[in-house]
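# Reading the structure
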Amino acid sequence: MLELIPNQLGFPLLSLMIFVPLAGAVILLAVRDARAARWIALLFSIAEIGLSVPLLANFDGSIAHMQFGESLPWIKDWHINYRIGVDGISVLFVGLTALLTTISIMVSWTAIQDRVREFMIAVLFLEAGMIGVFVALDLFLFYIFWEAMLIPMYLLIGVWGGPNRLYAAIKFFLYTLVGSVLMLVAILAVYFSAGGTFDVLALMNHPFGHTFQMWAFAAFFAAFAVKVPMFPFHTWLPDAHVEAPTAGSIILAGILIKMGAYGFLRFSLPFFPSAAISWTPAIMTLSVVAIIYGAYMAFAQTDFKKLIAYSSVSHMGFVTLGIFALNSQGVEGGLLQMINHGVSTGALFLAVGVIYERTHTRMIADYGGIAAKVPVYAAYLLIITLSSIGLPGTNGFVGEFTILLGAFQYKAVYAVIASLGIILGAGYMLWLYQRVAFGTVTNPHNEHLQDMNLREIAAALPLLVLVFGVGLYPNAAFQVMHASTENLIKHVQAKAALAPVAAQAANALLGQ
Amino acid sequence: MLKYILIPLLPFFGFLIAGLFGKYLKERAATVAVGGVLGAFVFAVSAFIDVANGTIIDENFYSWILIGNLSVNVGFQIDQLTAVMLMVVTFLSTLIHIYSIGYMHGDKGFSRFFAYLELFTFFMLVLVMGNNFLVMFVGWEGVGLCSYLLIGFWYEKKSAADAGVKAFVTNRVGDFGFVLGMMLIFTTFGTLDFTDVFAQATPQLAAQNIDLLGIEVGIVTLICLLLFVGATGKSAQIPLYVWLPDAMEGPTPVSALIHAATMVTAGVFMVARCAPLFSLSHTAMNVVAVTGAVTALFAATIGLVQNDIKRVIAYSTISQLGYMFLGLGVGAFSAGIFHLTTHAFFKGLLFLASGSVIHALSGEQDMRKMGSLRRKIKITYAVFLIGSLALAGIFPFAGFFSKDEILWSVYNAGSLGRSLWMVGLTGAFMTAFYSFRLIYLTFFGKSRMDHDVEHHVHESPPVMTVPLMILAFFSITIGFIGMPLIPHANLFANFLAPVFPHVQHGGTDHGLEIGLMIFSVLVAATGIVMAYVWYVRDTRIPDKLAEKFSGVYTLLLNKYRVDELYNYLFVDGLVHKLAGVLHRIGDVKIVDGAVNGVARLIGQASERGRKMQTGFVQEYAFIMGLGLVVLIGMYYVVK
């Protein structure tokens, strides 16, 4: 059974990580000057990275328990507590959130000229919400953060987005809201069914009946599947990405859509294991469909950002495929792939942002031949492309290979079909790269294109380090995950076996 | 131990320096690059000597991926097979680097070219040195990447960029098999380390079956066939050979190093490395042998009629790789690797020499616009002739020894062997014919050059001709390390004997062996003479035949239209058309249609609802009353 190990650092690290960006947002309220607003936001986001150093350095990967725990009573009558902590499943996302937020601010330096202060407030507010989602260990608290995150993201798209931003923002908001409302109902049902507690760790050990599990799992699934997004709940993503400013896209692809998969690992699987096992074949099938379908969609795109958005659908299919294989390679591969996708897709959106800021077009046909004009940019885009298609030596390969190995052990046919996605991935990404970088310059606007400047290189560099760092030494990440994932897998299996009726029902569904 | 790690690392450092500082180094980047590969060669020689003295190196450096029962290390092994490959790769790489200094002189991508070439050498060395499947796969995909970058080196040409993508994606199709093969290996053996996997490869294991879509398949057979799918991609065998002819879009030194001598032999190397597995499955071995034989003949027929000097050699490479697989497939593993080695020298030579021809002719590659060059570029002509004699398999040139060893093993491999031997011999005849068709069209007859081109014809500088001469020397002599007939004189086979399972392949009837040898040399000689008659004595014959058999001729000239078929089926049909349809129907109509439909429905419903808010108190009171009646009525009904 998981415990909440109190924080022993002498200062409330996780709370600081939630409140430092909020403090930054509050201070920004008093700032009028756009330049000052940028610097203040940057400093606060860097401070957040600074805070994640002791977090990662002091994290003990050998135990599965929740660490850096803090628990304060909040609304006593309803047993609601301010309870936070991290384990091997969540800790890396906290670090990734801090890194990608800073990068987002850096890429917005000149791209955002309008309402700079409000933009930076939204980004910092969003960061606080995202950190909160990853550290919350009280369902009520989690739901607050989950919903709070929606608002700044909605604003980022709706205020600083492209021409069709209102459609995209509302679509994003409604999609997520429908999912969230179903989850809220399920959260209340869980609360009452478990005798009035929102404590995540306690709920993990509560024996819910199988029928209840099936319904509650489905309701949580609605929220998480939209977020991932899984096929066929994915159509909000391309629209949102296309309209969002670069910073919005980086955060959306890098962190926000990871929360769906994180939700499966943190809530759905441990709360409702026997339902999860019953639903697994369906989810594995949807994952494989997402991999292939997303790749096909990417082929049909003429818009740089839309192509990457659909490639995200395909890549996130790998993540859910690995998680629901429910063996150590699958789950850890899925977790790593979430980090990888955050890094490489974040980097890809950064690349789009860099070029969009110069040309004001996202149409692939408007590029072509720019490798001769902007060699540094072309080299950067090439490395990220290779990471995205999972070339060995880059981060993408380790994630995909371990996921496929996990899926292969669950049922080979899923891995076989999913592997086709690797061929398609190479196809659409290299074709994209060819159309952007190779050939001769056909668009006269690109004749005098400026290469990446120092600020942009500085923003991109940490991502490149991660591409090769994770690719060559993924154990650094796996070591953090081992204890928690092993515990999760054992927990799911043991708890599912506890209810024989449930297991029978599950087997009947599995057709065994 | 350090010196072994330095073998791949020195080229990698060369890559980093040439890649990052190329802008400042300019053509000095070549010095750095040559230094890198030369250093690797020196250490490879040292490693080779160690292995020859009985030291087998197998060392893990660090744990790469460790999850649950999956444990993969970054580790290298140097056994006899790797030692041979190290020599071939580092030696040819060094010579080709030097040659490239002259060939690429003045190109605006000079330092980029050397950076890619260094990176390629690094990955190729990782490929041959890896001590487990996954590290081998790192090199495997890495060389594919460099191949992609170098084929598309002149990326402003659309055909070059297209060819690069085609090469990478076709190889990915092969890698699909490789990856699945690795998974099956892992679930079967619980490890991906060569030593551990091969130690468990026993006949008992070969008897185990698994169910594949209702068909019982031997588990080892399935593993081998999946790995072989990977090999057909990398080593350009049917059905995945289509990328290699297009790969000639790259600069010619690239064709020599990557698409003739080293990378394309990776599939052969991989099958040889997995010899302990393959030799357990007759089915898999037969598939390898038949694929090799059919490819050897198929590619040779296309080579007969091509007009682009590099394409002829490219098809010849596909064909010769087929011979290597043919050898492996009948269990003659060391003969296959021997042919890989000799082929690396004479085919590397042929490509570099054709580069020298192209260089002399200001970029012209069409043999119909050549002719009579033998007096103008004498060194190039001499080495080209040596290379072609080696390729045709004329005694005592290198190709003779290795090809005959393969054919002799095939001849002795049962009833299937005899048929494959016939196929191989027919291919050998065609090989001799097309190699000398090339020689005669290029160096003999009347000049058909454009006036401007003819005016500028010049021999290449020493930086290019010296490597050519070195390769020519080896194309003559290297065959003698694999002497047939005399007991214990086949040094090559003796050296490799510890790595390969002993499969009976050579016959003991020396009289027959000598007879067949003479026969196959005669067959090759006939091909050469025929080419002479057709292309020097009476040059009208080919045209007349082409007219008479225009159907066959066009089919061959168009390479059996396989490219068109693949394009139609896979690129246009399975990818672009289907993607378009899915996008229009799947996402836009069905999924988004449903989403927008729901939104519209809610909108309409609320529109109706809004109409009820009329503001007339009487209407509200009426509806309230009506509701009350309905509720009370329901209460009684339910009760």
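Quick caveat, the model's predicted, so the values are computed rather than measured.

Attention now goes to the overall build of chain A. Along the backbone of chain A there are 20 helices and three strands. Whereas a compact globule of 512 residues would reach a radius of gyration of roughly 24 Å, chain A reaches 22 Å, a difference of no more than 12%. Split into buried and exposed, the 512 residues of chain A put 67% on the buried side. Long-range contacts, defined here as pairs at least 24 residues apart, represent 82% of the contacts in chain A between residues at least 6 apart. Here chain A has roughly 16200 Å² of accessible surface; of this, 68% comes from carbon and sulfur atoms. Distance between charge centroids for chain A: 5 Å, based on 22 positive and 24 negative side chains.

Let's shift gears to a nonpolar patch on the surface. All names here are of chain B. Together, Leu565, Tyr568, Leu569, Phe570, Val571, Leu574 and Leu578 line one region of the surface with nonpolar side chains, adding up to about 650 Å² of accessible area. Structurally, Leu578 is set in helix H26 (residues 562-612). You can call Leu578 partly exposed: its relative accessible area is 35%.

Each partner contributes to the interface: chain A provides 56 residues, whereas chain B provides 49 residues. Across the chain A/chain B interface, buried area totals approximately 4600 Å², and carbon plus sulfur atoms make up 72% of it. Looking at the side of chain A facing chain B, the largest losses of area belong to Tyr296, Phe401 and Ile423 of chain A, adding up to 13% of the total buried there. Elements supplying a minimum of two residues to the side of chain A that touches chain B: helix H6 (165-193), helix H12 (273-299), helix H14 (328-359), helix H15 (375-388), helix H16 (395-410), helix H17 (412-437), helix H18 (454-472) and helix H19 (475-498) of chain A. The greatest single-element share of the side of chain A that touches chain B, amounting to 13 residues, is contributed by H17 of chain A. Residue classes in the side of chain A that touches chain B are distributed as 37 nonpolar, 16 polar and three charged.

Moving on to the confidence of the model for chain B. Across chain B, the average pLDDT comes to 89, with 99% of residues at or above 70. Ranking the elements of chain B by mean pLDDT puts H26 of chain B last with 78 and helix H12 (residues 266-273) of chain B first with 96.

This next bit is on the packing of aromatic side chains. Residues and elements named next belong to chain B. Under the defined criterion, the tally for this structure stands at 81 aromatic pairs over all chains. Pairing Phe133 with Phe194 gives two aromatic rings, centres 4.8 Å apart and planes at 70°, and the pair type is edge-to-face. Within this pair, whereas Phe133 is found in helix H5 (residues 133-151), its partner Phe194 is found in helix H7 (residues 194-199), the two being separated by 61 residues in sequence. Each of the two residues, Phe133 as well as Phe194, counts as buried. Ring centres 5.6 Å apart and planes at 70° place the aromatic pair Tyr566 and Phe570 in the edge-to-face group.

All names here are of chain B. Here strand S3 (residues 209-212) pairs with strand S4 (residues 215-218) via four bridges, running antiparallel. Each bridged residue has a counterpart across the sheet, and for Leu212 the counterpart in S4 is Ile215. The antiparallel hairpin formed by S3 and S4 contains two residues in its connecting segment, where Leu213 sits at a positive phi of about 50°.

Attention shifts here to the packing of helix H15 (residues 309-329) of chain B against helix H19 (residues 414-443) of chain B. All names here are of chain B. Remark: H15 packs on H19, axes separated minimally by 11 Å, with the N-to-C direction vectors making an angle of 160°. What the angle tells us is that H15 and H19 run roughly antiparallel. For the pair H15 and H19, the sense of crossing is left-handed. When H15 is examined against H19, the residues Ile309, Val312, Ile313, Ser316, Ser319, Gln320, Tyr323 and Leu326 are found in contact with a partner set consisting of Leu420, Gly424, Gly427, Ala428, Thr431, Tyr434, Arg437, Leu438 and Thr442. Among the residues forming the contact of H15 with H19, the class breakdown is nine nonpolar, seven polar and one charged.

All names here are of chain A. Overall, mixed pairing links the three strands, which are arranged S1-S2-S3 in an open sheet. At either margin of the open sheet sits one strand with a lone partner, and together these are strand S1 (4-6) and strand S3 (80-86). Between one strand and the next, the sheet's axes are offset by a mean angle of 50°, whatever the strand orientation. Relative to strand S2 (residues 66-75), S1 runs parallel, the two sharing two bridges.

Glancing now at the pairing of strand S2 (residues 70-78) of chain B. All names here are of chain B. A large share of S2 lies buried, amounting to eight of its nine residues. Relative to S2, strand S1 (residues 57-67) runs antiparallel, the two sharing nine bridges. By the bridge assignment for S2, Ser63 is matched with Asn73. Here S1 hands over to S2 after two residues, with Gly68 in that stretch at a positive phi of 55°.

Residue and element names in this part refer to chain B. For helix H17 (residues 378-392), spanning 15 residues, the distance from its first C-alpha to its last is 21 Å, which sits close to the expected 21 Å at 1.5 Å a residue. Of all 15 residues that make up H17, eleven are buried, and the element is covered over most of its length. Taken residue by residue, H17 has Thr380, Tyr381, Val383, Phe384, Ile386, Gly387, Ser388, Leu389, Ala390, Leu391 and Ala392 as its buried positions. Elements that come into contact with the buried residues of H17 comprise H15, helix H16 (333-360), helix H18 (398-411), H19, helix H21 (462-477) and helix H23 (510-537). Backbone geometry just downstream of H17 places Gly393 in the positive-phi region, at approximately 85°.

Another aspect to go through is unusual backbone geometry. All names here are of chain B. Residue Pro239 follows Ile238 across a cis peptide bond; omega there is 5°. Here Pro239 lies in the loop between helix H9 (219-234) and helix H10 (243-246). Of note in this structure, Lys26 is not a glycine but carries a positive phi near 50°. Checked against the element boundaries, Lys26 lands in the loop between helix H1 (2-25) and helix H2 (29-52). Although it is not a glycine, Lys559 sits at a positive phi angle of roughly 55°.

Before going further, it helps to spend a moment on the pattern of salt bridges. Per the counting criterion, the structure on display carries 19 salt bridges over all chains. The shortest N-O distance in the salt bridge between Lys373 of chain A and Glu447 of chain A comes to 3.2 Å. Here Glu447 of chain A lies in the loop between H17 and H18 and Lys373 of chain A lies in the loop between H14 and H15, a separation of 74 residues in the sequence. Overall, the relative accessible area of 32% leaves Lys373 of chain A in the partly exposed class. With a closest N to O distance of 2.8 Å, Asp162 of chain B and Lys158 of chain B form a salt bridge. Residue Asp162 of chain B and its partner Lys158 of chain B are both found in helix H6 (residues 158-189); the two are separated by four residues, about one turn of the helix. On the accessibility criterion, Asp162 of chain B (31% relative accessible area) is partly exposed.

Each disulfide consists of one covalent bond between the sulfur atoms belonging to two cysteines. Enumeration over the complete set of coordinates arrives at zero disulfides over all chains. Cysteine Cys224 of chain B remains unbridged, with the sulfur of Cys274 of chain B as its closest cysteine sulfur at 7.3 Å.

Next up on the list: the packing of H16 of chain B against H17 of chain B. In helix packing, the relevant descriptors are the interaxial angle and the interaxial distance, both defined with respect to the helix axes. Residues and elements named next belong to chain B. Running from amino to carboxyl end, H16 crosses H17 at an angle of 145°, the nearest separation of the two axes being 9 Å. Crossing angle aside, the handedness with which H16 passes H17 is left-handed. Contacts between H16 and H17 involve Phe346, Lys347, Leu349, Leu350, Ala353, Ser354, Ser356 and Val357 on the former and, on the latter, Thr380, Val383, Phe384, Gly387, Ser388, Ala390 and Leu391. Class assignment for the residues of the contact of H16 with H17 results in nine nonpolar, five polar and one charged.

The subject of this paragraph is H21 of chain B. Residues and elements named next belong to chain B. Across its 16 residues, H21 extends 22 Å between first and last C-alpha, which sits within 8% of the 22 Å expected from 1.5 Å per residue. Residues of H21 that are buried include every one of Met464, Thr465, Pro467, Leu468, Leu471, Ala472 and Ser475, and no others. Buried residues of H21, viewed axially, fall in a sector of 160°; they line one side. Looking at the buried side of H21, the elements it contacts are helix H3 (80-103), H16, H17 and H18.

The next point concerns the side chain of Ser319 of chain B. Residues and elements named next belong to chain B. Along the polypeptide, Ser319 turns up in helix H15. Given a relative accessible area of 0%, Ser319 falls into the buried group. When residues no more than four places from it in sequence are discounted, the contact partners of Ser319 are Thr295, Ala296, Ala299, Ala300 and Tyr434.

Analysis parameters
- Residues numbered from 1 in each chain as written.
- Chains lettered and ligands numbered in written order.
- Predicted model: local features only at pLDDT ≥ 70, side-chain atom pairs only at ≥ 80, totals over all residues.
- Heavy atoms only, no water.
- Helix = DSSP H or I, 4+ residues; strand = E, 2+ residues; numbered from the N terminus.
- Rg over C-alpha atoms; globule rule 2.2 N^0.38 Å.
- Buried < 20%, exposed > 50% of the residue type's maximum accessible area, 1.4 Å probe, protein only.
- Contact = heavy atoms within 4.5 Å.
- Areas by Shrake-Rupley, 256 points an atom, 1.4 Å probe, with all protein chains shown as cover.
- Lys, Arg positive; Asp, Glu negative; His and termini not counted.
- Charge placed at Lys NZ, Arg CZ, Asp CG, Glu CD.
- Patch = residues over 30% accessible without salt bridge, like charges linked within 9 Å, V, L, I, M, F, W, Y side chains within 5 Å.
- Salt bridge = Lys/Arg side-chain N within 4 Å of Asp/Glu carboxyl O.
- Buried area = accessible area lost by both parts, 1.4 Å probe.
- Nonpolar A, V, L, I, M, F, W, Y, C, P; charged D, E, K, R; others polar.
- pLDDT = per-residue confidence, 0-100.
- Phe/Tyr/Trp six-rings, centres within 6.5 Å; stacked < 30°, edge-to-face > 60°.
- Pairing = 2+ DSSP bridges.
- Axes fitted to C-alpha atoms, helices over the stretch in contact; angles between N-to-C directions.
- Parallel < 35°, antiparallel > 145°, perpendicular 65-115°, else oblique.
- Left-handed = near helix turned anticlockwise from the far one by under 90°.
- Expected span 1.5 Å × (residues − 1).
- Disulfide = S-S within 2.5 Å.
- Arc of directions from axis to C-beta.

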